[in-house]
Amino acid sequence: MPNPRTTSARPSAPVPTNGAPVLRIGYVPLVDCAPIIAAQELGIFSKHGLNVVLSREVGWATIKEKIFYGEIDAAHAPAGMAFAMKLGIQCRPCDVQTSFILSLNGNAITLSSTLWKKGVTDAGSLLQLIRGHREERLVLGVVSRVSSHHFLMRHWLQQAGIDPDRDVRIVVIPPAQMFPTLRAGLLDGYCVGEPYNSRAILEGAGWCPATSLDLAPQHPEKAFIVRADFPERRLEEYLAAIRALHEAAQFCDDPAHREELIAMLERTALPGTAVYMRNSLIGPFQHGCGITKALPDFHRFYRDDTNRPDLGKAAWTLDHLQSADIFKPSEANLHDLAGTVFREEYFDLALAS
């Protein structure tokens, strides 16, 4: 199993902004880090008076640790991770919050081409294969136990009558390691963000039976998280960051900018992946095995109030943490917890100023 500690971060060079303090933002190289990359590359952070240094991280475990120890000030992270850190679920407790949702949707389930050759064409036929081969459980990857990827994988399996805790083995692997682990035959499938589904599909190693749009349309995906005291200490910078990300998210959501966005992401975060990114950012989306669909909403960065950290998005995340037996309702008052971690007031204050 890959060890996230073995890959070092590669921070970008700071952008001088009249002596402004450095704002250190961590991200994992995925298509849905796009608003952060665009805000830096287009000079939007600088325009809003911010001196941002980006830190490229290998996975979510590293993001958690660097937020906990103060090595970064903010991060691109799964929405569920904000609640997990607050409650100390599978990590040391760390009081964090978000006032900006970076994206909705953006994930897919990929199964190995070997399973297709064995007759698996959907979750129902996967159930039949599992029933016929009980001596060895299939191994499926997710990027975190507290991320939407785990929730989507469980939901997809359960819809077909597959018990995600007994019938298969679900393991946690950093996003960039999903494809090579599948190709090596160590995984039978995974749920991950882009471009790691598209890489497996376009290279013939896998195929996609379901996307976020099939399983949970418009679900909250990544959030911009900070320690809870950050707005108290650096309020103007925090509000400026929200404004900058909102502007960048609008750019990312415009189909007319997608080729430019792909070039930015390839240059900075995801080298050598332009062809894979086009599959989901521009489309039509090739699912593999001859199946192609137009999915213009595969990634949503801005439209229809995507970026607002409202209680509906918080409730979806908390509900799925509960359904996966990761979070118990007795641990906190759900409404208070939702409003403590997803902070709409800062979002509103930023856009009003």
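Procedures and definitions
- Residues numbered from 1 in each chain as written.
- Predicted model: local features only at pLDDT ≥ 70, side-chain atom pairs only at ≥ 80, totals over all residues.
- Heavy atoms only, no water.
- Axes fitted to C-alpha atoms, helices over the stretch in contact; angles between N-to-C directions.
- Helix = DSSP H or I, 4+ residues; strand = E, 2+ residues; numbered from the N terminus.
- Parallel < 35°, antiparallel > 145°, perpendicular 65-115°, else oblique.
- Left-handed = near helix turned anticlockwise from the far one by under 90°.
- Contact = heavy atoms within 4.5 Å.
- Nonpolar A, V, L, I, M, F, W, Y, C, P; charged D, E, K, R; others polar.
- Phe/Tyr/Trp six-rings, centres within 6.5 Å; stacked < 30°, edge-to-face > 60°.
- Buried < 20%, exposed > 50% of the residue type's maximum accessible area, 1.4 Å probe, protein only.
- Lys NZ or Arg CZ within 6 Å of the ring centre and 35° of its normal.

**Describing the packing of helix α4 (residues 79–87) against helix α15 (residues 311–323)**
Part 1 of the argument: One can describe the packing of α4 onto α15 by two numbers: an axis separation of 9 Å at closest approach and a directional angle of 65°. Taken together, α4 and α15 sit at an angle that is classed as roughly perpendicular. Read as a crossing pair, α4 and α15 show a hand that is right-handed. Each of Ala79, Gly80 and Phe83 in α4 lies in contact with α15, whose residues at this interface are Ala314, Thr317, Leu318 and Leu321.
Part 2 of the argument: For the contact of α4 with α15, the per-class residue count stands at five nonpolar, two polar and no charged.

**Observations regarding the packing of aromatic side chains**
Part 1 of the argument: Under the definition given, this model contains eight aromatic pairs.
Part 2 of the argument: Measuring from centroid to centroid gives 5.2 Å for phenylalanine 83 and phenylalanine 342, while their planes differ by 15°, and the two rings are stacked. In this pair, phenylalanine 83 sits in helix α4 while phenylalanine 342 sits in the loop between α16 (334–341) and α17 (344–352), placing the two residues 259 residues apart along the sequence.
Part 3 of the argument: Judged by its relative accessible area of 2%, phenylalanine 342 falls in the buried class.
Part 4 of the argument: Centroid distance tyrosine 238 to tyrosine 346: 5.7 Å. Interplanar angle 70°. Geometry classified as edge-to-face. A residue pair is termed long-range when its members are at least 10 positions apart, and tyrosine 238 in helix α12 (residues 235–253) and tyrosine 346 in helix α17 qualify at 108 residues.
Part 5 of the argument: Given the relative accessible area of 1%, tyrosine 238 is considered buried.
Part 6 of the argument: Through successive ring pairs, a cluster of aromatic residues spans Phe230, Tyr238 and Tyr346.
Part 7 of the argument: In this structure, arginine 92 packs its charged tip against the face of phenylalanine 68, placed 4.5 Å from the ring centre.

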